[in-house]
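So you can see what is in the structure, the chains are spelled out below.
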Amino acid sequence: MLQIRDLIWGLLFIGCAAAIQVEITPRQGEISVGESKFFLCEVVGDAKDIDWYDPSGEKILPNRPDIFVNRGDETMSTLTIYHANVDSAGIYKCVAKNGDKEAQATVQVKIFQKITFASAPSPQEFNEGDDADIVCNVVSSPPPTIIWKHKGSKIQVDKDVRYKIMDNGHLQIRGIKKIDEGMYNCEARVMARGEIDFKMIKVVVNVLPTIRARLSEVNATADIGRSALLACDADGFPEPTVTWAHNNIVLETGDKYSLNEDGSELVIKDVKKVDEGDYTCIAKNKAGEKAEEVSLNVFVQPKITYLNNQTASEFDEQVTLTCEALGDPTPTISWSFENRVFTEGEQSLDRNIVVRSHARVSSLTLKNVVFTYAGYYLCIASNSIGQDSQHMYLEVRYAPKIQGQVTVYTWEGNAANISCEVEAHPGASVVWFRDGLQLPSANTTNMKIYNTQTVSYLEIKPESQNDFGSYNCTATNVMGTDSKEFLLIQAEVPSSPDIQQVEPFSSTAVVAFEEPDSMGGVPILKYKVEWRLPGQDWTGSEHNANDEMTTITIVGLKPETTYEVKMSAINGKGEGESSPARTFKTEPVREPSAPVLEVKVQDRGNTLKVNWIKQDDGGSPIKHYLVRYKAKHVSDWKPEIRLPHNSEYVTLNGLDWNTEYEVYVVAENQQGKSEPAVISFRTATDPTTIPDAMDGGSGLGTGAIVGILIVVFFLLLVGVDVTCYFLNKCGLLMCIAVNFCGKAGPGAKNKDIEEGKAAFTKDESKEPIVEVRTEEEHTPNQGGGGPTEPNETTPLTEPDGKTVKDDNTKGQTEVKNTTDEVKTVPNEAPQTNGNESKA
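About the criteria used
Each chain carries its own residue numbering, running from 1 in the written order of its sequence. Whole-chain, interface and lining totals are the exception, using all residues; otherwise, since this is a predicted model, local features are given only for residues with pLDDT of at least 70 and side-chain atom pairs are given and counted only at 80 or more. Based on all heavy atoms of the structure, the side-chain values leave hydrogens and waters out of the count. Numbering of helices and strands runs from the N terminus; a helix is a DSSP stretch of H or I covering at least four residues, while a strand is a stretch of E covering at least two. Throughout, exposure labels follow a simple rule: accessible area from a 1.4 Å probe, protein chains only, divided by the maximum for the residue type, with under 20% read as buried, over 50% as exposed, and the rest as partly exposed. Only heavy atoms matter for contacts: two residues are in contact if any of them lie within 4.5 Å across the pair. Values of accessible area rely on a 1.4 Å probe in the Shrake-Rupley scheme; residue burial ignores everything except the protein chains shown. Note on patches: the residues involved have over 30% relative accessible area and no salt bridge, like charges join within 9 Å, and the nonpolar side chains Val, Leu, Ile, Met, Phe, Trp and Tyr join within 5 Å. When a carboxyl oxygen of Asp or Glu lies within 4 Å of a side-chain nitrogen of Lys or Arg, that pair is called a salt bridge. The charged-residue count follows a simple rule in which Lys and Arg add positive charge and Asp and Glu add negative charge, with His and chain termini not counted at all. Note on charges: their place is set at NZ of Lys, CZ of Arg, CG of Asp or CD of Glu. Pairing between strands is defined by DSSP: at least two bridges between the two strands are required. Under this definition, polar contacts are N or O atom pairs within 3.5 Å; protein pairs additionally need one hydrogen-donor-capable and one acceptor-capable atom, and for neighbouring residues in sequence, both atoms have to be side-chain atoms. Cysteine sulfur atoms that come within 2.5 Å of each other are treated as a disulfide pair. When the centres of two rings from Phe, Tyr and Trp lie within 6.5 Å, Trp using its six-membered ring, the rings pair. Their planes under 30 degrees apart give stacked, over 60 give edge-to-face, and anything left gives tilted. Two conditions define a charge sitting above a ring: the NZ of Lys or the CZ of Arg must be within 6 Å of the ring centre, and it must be within 35 degrees of the ring normal. For helices, the fitted line uses only the C-alpha atoms of the stretch in contact; every axis is such a line through C-alpha atoms, and the angle between N-to-C directions lies from 0 to 180 degrees. What pLDDT reports is the predictor's confidence in each residue, on a scale of 0 through 100.

Quick look at the overall build of the chain now. In terms of helices and strands, the chain carries three helices and 60 strands. Counting over 839 residues, the chain shows a buried share of 35%. For the chain, the proportion of contacts with a sequence separation of at least 24, taken over those separated by at least 6, is 61%. Carbon together with sulfur atoms contributes 50% to the accessible area of the chain, which is approximately 50,000 Å² in total.

Structure representation (structure tokens):
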């Protein structure tokens, strides 16, 4: 029974339902905040109206901006929720009606917040040392879990107390450091939905600039057109900008200042004193700024600003010279006059010269003025930077003062000048008097007067004893008059010299003497020395006198012979008395004394001329001179050179460049050889030396030079061979022409015998080949008659023309008479000695 009843009610329900049915797709909805979503309401059956109702039960009208309802046809209607927010959540109902028939369906809409990074800027910058708060604001529903990562690893706040995750999800780093800089990962998770998102945030740590002046103080000198450099070095992050300021004014590049690209160097052009002071170097970046002071000390070279010439008169009480100077540091002022330097205080024992200085002014006071104070005074201002100096002239007016030698000696017929030297300012006029009469008088013809600016000369040519005596010179200017008497005295012949010692040798004697006690009033012109064998006539010689003459050498004496010697002096008046005769005896014959050497460099630096002065020959004539030389660094001597007895020098050619040599010269007579005279010298550096390429020279390399020399040598050989072919019918070309072509060379038929050439023929004649050799004739010097200048290759000849030989010395040069040598060479001997001349 019960089953039938249930079946009936079921059939009734199905019948009613079949009339109108409503279904919403999707059946439930979850929408993220800000997203949009639609729901489709489908109706089965006839429905006149299909309406939607919001969670508050109000019918949703078509004109709502956030929720839109659209009925597509009679069977469906669409509900669209745009940009959902949390107020959009709830149960939405779709109702279908048709008359009294009605059906409905509902859908529950849930609104949730997706993970959204509301504020997570990148990069985020902090200053080193600050407590950094890295912002990462995340919103979601439910609220997310925030995890921070750095360098791929999760930040463990329980392990590093510097890190802390704030309640708002921010990451705090206490006392952030430069090493904390980098990329940080802010990760948000919603476990209920399994949602995850992250944001990479770049953290930049700015470092406050550090600044260091290269020099805290810079010194410069003003007014010399130079610049001063002030520099500082700044570090920081980001790289700081550097500026300079002076007196709170920022400096920029211009006529006065220039800055380098990064601003670290400030150049102050044409430094002046007003540029002195403190300059501030400022380094600035995002982290802040730092400043450093650099002091510019400007020094000023001394400059004299006041110094004037002055005029005074002799015997004035005093005159003061003033000098002013500027400079920093304050200059010290000193004075100088005629090699004397005057500084602060009294400068002389008589207290007549005093210097006083105050600040930048110095005064030089000269008391009891005398004429010698006149002249140029130098003011010198100096400090540690430099100095300045200027001259001023002190003019002293004074009466004439006559100077000059009071006595003048002469003799009758010999003109003499009496000099009246006058010092005066202004200049003075000079007059000469004799016995009260002004000179020259009308009846005097042997007197003349010559005047210069400071000297008046009275020229007198005495004619008799009356012309000797006193003469007066009088000088006058506006300051006064002065006069002086001069004496003209008759000169006498000198007294005799005093022979102190005679030092005899074999053939010479050196006479040492002292000048006469009386010169006769005029200078000695010559000394006369006379010598003789006892009882025979005197032989003498005269020698020009000079101030340093104390010895005279007598030559041409005989060995082991007794002589007498005497001396006399000669002046303009005549010859004086002779000294008492002194006896001496020459020494026996012996070896000569060593000559005295000197070296003269010739035009070429490796050619030198060695001169010598003959000394005592030991009583036997010098036979010859022997010359040896060598470089000091080697042990072997060059071949000995033998030179004639009258030789005075030797020329050494072809010496090594830049080498020290030593030369021995020995004089030899019949008794033997002298001690060697030794001299050393160094030749010049080779002027043709090619600079080393390693020293920056651009010369050719050694290989290139050798190659060039080989080519030049080859061309010379070819030229010589061609010349021999055409002139002498010989050489390589001649050989080729005869052997391969069967021809004789041009010009081979005849030779000019008069030219001294040998005639060579290719026939088999037995006639001898004549070779003529003429030795080079000696050419006299241009001076005429002098010996030929000897050198290391000069033939050495005795005066009589005999050949000088020394069997004990190898390589010794021989001297032969000038001869013509004719040598006959048989035709059968075609092989010629290579050492012999061919023609």
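There is more to say after this.
Quick look at a negative patch on the surface now. A contiguous patch of negative charge on the surface is contributed by Asp498, Glu514, Glu515, Asp517, Asp547 and Glu548. Note that Glu548 resides in the loop between strand S47 (539-544) and strand S48 (551-554). In this structure Glu548 comes out as exposed when scored by relative accessible area, which is 72%.

Pairing between strand S21 (residues 241-246) and strand S25 (residues 277-285): six bridges, direction antiparallel. Residue pairing across strands places Ala245 opposite Thr280, the latter belonging to S25. The antiparallel pairing of S25 with strand S26 (residues 288-306) creates a hairpin that spans two residues between the two strands.

As a further point, take a nonpolar patch on the surface. On the surface, Val711, Phe714, Leu715 and Val718 cluster together to form a nonpolar patch covering roughly 390 Å² of accessible area. Here Val711 is to be found in helix H2 (residues 702-727). For Val711, a relative accessible area of 48% puts it in the partly exposed group.

Strands sit in the order S36-S43-S42-S38-S39 across an open sheet of five strands; the sheet is mixed. Looking at strand neighbours, the two that pair on one side only are strand S36 (407-410) and strand S39 (437-438), the edges of this open sheet. Relative to S39, strand S38 (residues 429-434) is paired through two bridges, and the arrangement is antiparallel. Considered in S39, the bridge of Arg434 is made with Leu437.

Moving on to the pattern of salt bridges. By the definition in use, this model includes 30 salt bridges. Lys272 serves as the salt-bridge partner of Asp270, at 3.6 Å between the closest nitrogen and oxygen. With relative accessibility at 34%, the residue Asp270 sits in the partly exposed group. By relative accessible area, Lys272 is classed as partly exposed at 32%. What you see here is one network of salt bridges that share partners, running through Arg212, Arg214, Asp233 and Glu265.

Turning our attention to the environment of Asn260. Tracing the chain through its elements places Asn260 in the loop between strand S23 (257-259) and strand S24 (265-268). In this structure, the C-alpha to C-alpha distance between Asn260 and Ala231, residues 29 residues apart in sequence, is 10.0 Å. A polar contact is formed between the side chain of Asn260 and the backbone nitrogen of Gly263, at a distance of 3.0 Å. Within the structure, the side chain of Asn260 is placed 3.0 Å from the backbone nitrogen of Ser264, a separation counted as a polar contact.

Here Ala213 lies in strand S18 (residues 195-213). Residue Ala213 is classed as buried on the basis of its relative accessible area of 13%. Between the C-alpha atoms of Ala213 and Thr280, which are 67 residues apart in sequence, the distance is 9.8 Å.

Attention now goes to unusual backbone geometry. Looking along the chain, the bond that leaves Thr25 and enters Pro26 is cis, with omega of -10 degrees. The amide bond that connects Ser122 to the next residue, Pro123, takes the cis arrangement and shows omega of 5 degrees. Within the element layout of this structure, Pro123 appears in the loop between strand S9 (116-119) and strand S10 (124-127). With a phi angle near 80 degrees, Phe315 is a residue other than glycine that sits in the positive phi range. Checked against the element boundaries, Phe315 lands in the loop between strand S27 (310-313) and strand S28 (318-328).

Here the structure, examined in full by the defined rule, presents five disulfides. What pairs with Cys41 in a disulfide is Cys94, and their sulfur atoms sit 1.8 Å apart. In this structure the cystine formed by Cys41 and Cys94 twists about its S-S bond by roughly -90 degrees; its chirality is therefore left-handed. Taken together, the positions of Cys41 in strand S3 (residues 37-45) and Cys94 in strand S7 (residues 90-98) put the pair 53 residues apart, joining distant regions of the chain.

With respect to the helices and strands, the residue Glu668 is situated in strand S56 (residues 660-669). Despite its burial, Glu668 pairs with no opposite charge, the nearest such side chain being Lys623 at 4.7 Å. A polar contact of 2.7 Å, which involves the side chain of Glu668, links it to the side chain of His624. With sequence-adjacent residues up to four places away left out, Glu668 is seen in contact with Pro592, Pro621, Ile622, Lys623, His624, Leu626 and Lys673.

With that settled, the discussion passes to the packing of aromatic side chains. A full pass over the atoms with the stated rule returns 10 aromatic pairs. Taken together through their ring pairs, the aromatic side chains of Tyr629, Tyr661 and Phe681 make up a single cluster. One cation-aromatic arrangement involves Arg162 over Tyr163; the distance from NZ or CZ to the ring centre is 5.5 Å. One cation-aromatic arrangement involves Lys566 over Trp538; the distance from NZ or CZ to the ring centre is 4.4 Å.

Right, let's talk about the sheet that holds strand S4 (residues 49-53) for a bit. Pairing within the open sheet is mixed, and its four strands lie in the order S2-S8-S7-S4. What marks the edges here is a single partner per strand, and that holds for strand S2 (28-32) and S4. Averaged over neighbouring strand pairs, the angle between their axes works out to 20 degrees when direction is ignored. Where S7 lies against strand S8 (residues 101-112), nine bridges are found, and the strand directions are antiparallel. Counted as the bridge partner of Val95 is Gln104 from S8.

The predicted model of the chain has a mean per-residue pLDDT of 82, with 84% of residues at 70 or higher. Taken as a whole, residues 8-17 scores under 50 in pLDDT and shows zero contacts with residues more than four places along the chain or in a different chain. Here residues 691-699 is modelled with pLDDT under 50, and outside its nearest four sequence neighbours on either side it reaches one contact, counting other chains as well.

Pairing of strand S40 (residues 447-451) with strand S41 (residues 455-460), which is carried by five bridges, proceeds in the antiparallel orientation. Paired with Lys448 across the bridge in S41 is Glu459. Taking the residues between adjacent antiparallel strands as the criterion, S40 and S41 are bridged by three residues.

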